[in-house]
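# Structure assessment
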Amino acid sequence: PPSTTTTTTLPTDVAAFLVTLEAYENQVTAFQGDVSAINTDWEDSQITFDQALDSFAEVGAAVSAWEDEVAGAADVPTELAEGHVALVVEVEKLAPTVDEIIAGLQAPDDGTLRREAVAAFGDQVETILAAIEDLRDQAASTGTTAGEGETTTTDGGGGEEPTTSLTTSTTSTTAPPG
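Quick summary incoming for the structure in this document. (Residues numbered from 1 in each chain as written. Predicted model: local features only at pLDDT ≥ 70, side-chain atom pairs only at ≥ 80, totals over all residues. Heavy atoms only, no water.)

This part covers the nonpolar core. Formed by 37 residues in total, the largest nonpolar core has its most connected members in Y24, W66, L87, L94, F121 and I128. Of all elements in the fold, only α1 (12-43), α2 (49-71), α3 (81-91), α4 (94-106) and α5 (112-140) reach the threshold of two or more residues within this core. Residue contributions to this core peak at 10 residues, all from α5. (Core = buried A, V, L, I, M, F, W, Y, C linked by side-chain atoms within 4.5 Å. Buried < 20%, exposed > 50% of the residue type's maximum accessible area, 1.4 Å probe, protein only. Helix = DSSP H or I, 4+ residues; strand = E, 2+ residues; numbered from the N terminus.)

Set out below in structure tokens:
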């Protein structure tokens, strides 16, 4: 049977903001990698207390700077403003978790507080990634869709596959009551 494809064309500002969201995703994922690596190095006695403290503090400073970048984003399309605010709220919760990691590192316990704070950092990263995904979903809904009546048919034979596309548009009007 022929397959039906749906093509969504996004407004230019929304498409551009998707690139920004990808950068945010890459950055928060990198922060997660940094925190995990520092914590593993500390657990495995590969770094000193001062090195761990300095490394976590560097991540904390980078997270704070990134938080300002996300909050101050100038390219947020109007239709995504509400979702962006939700993302900012979640991003603002990340730096305090780094402070908790540092407090846990300095605590006179067996490392439990630090481990719990590292886990909380990971949980907050997941929450931020979910907020980014929500924004992507919202972005997809801002586009115009060509799909109703667009059919793509391909022949499974050898060589180049013939493709047939048919695109139709539907316009609806509402008559005033009377």
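Let us look at the environment of L18. Following the sequence through the fold, L18 ends up in helix α1. Residue classification places L18 among the partly exposed residues on the basis of a relative accessible area of 24%. Linking L18 and R136, residues 118 residues apart in sequence, is a C-alpha distance of 6.9 Å. When residues no more than four places from it in sequence are discounted, the contact partners of L18 are L10, R136 and A139. (Contact = heavy atoms within 4.5 Å.)

Before going further, it helps to examine the packing of α2 against α4. The packing of two helices is summarised by the inter-axis angle and the distance between the axes. Running from N to C, α2 and α4 cross one another at 170 degrees; their axes reach a closest spacing of 9 Å. In terms of orientation, α2 and α4 fall into the roughly antiparallel class. Mapping the contact onto sequence places F49, A52, L53, F56, A57, V59, G60, V63, S64, W66 and E67 in α2 and L94, A95, V98, I101, I102, L105 and Q106 in α4. In the contact of α2 with α4, the residues fall into 14 nonpolar, three polar and one charged. (Axes fitted to C-alpha atoms, helices over the stretch in contact; angles between N-to-C directions. Parallel < 35°, antiparallel > 145°, perpendicular 65-115°, else oblique. Nonpolar A, V, L, I, M, F, W, Y, C, P; charged D, E, K, R; others polar.)

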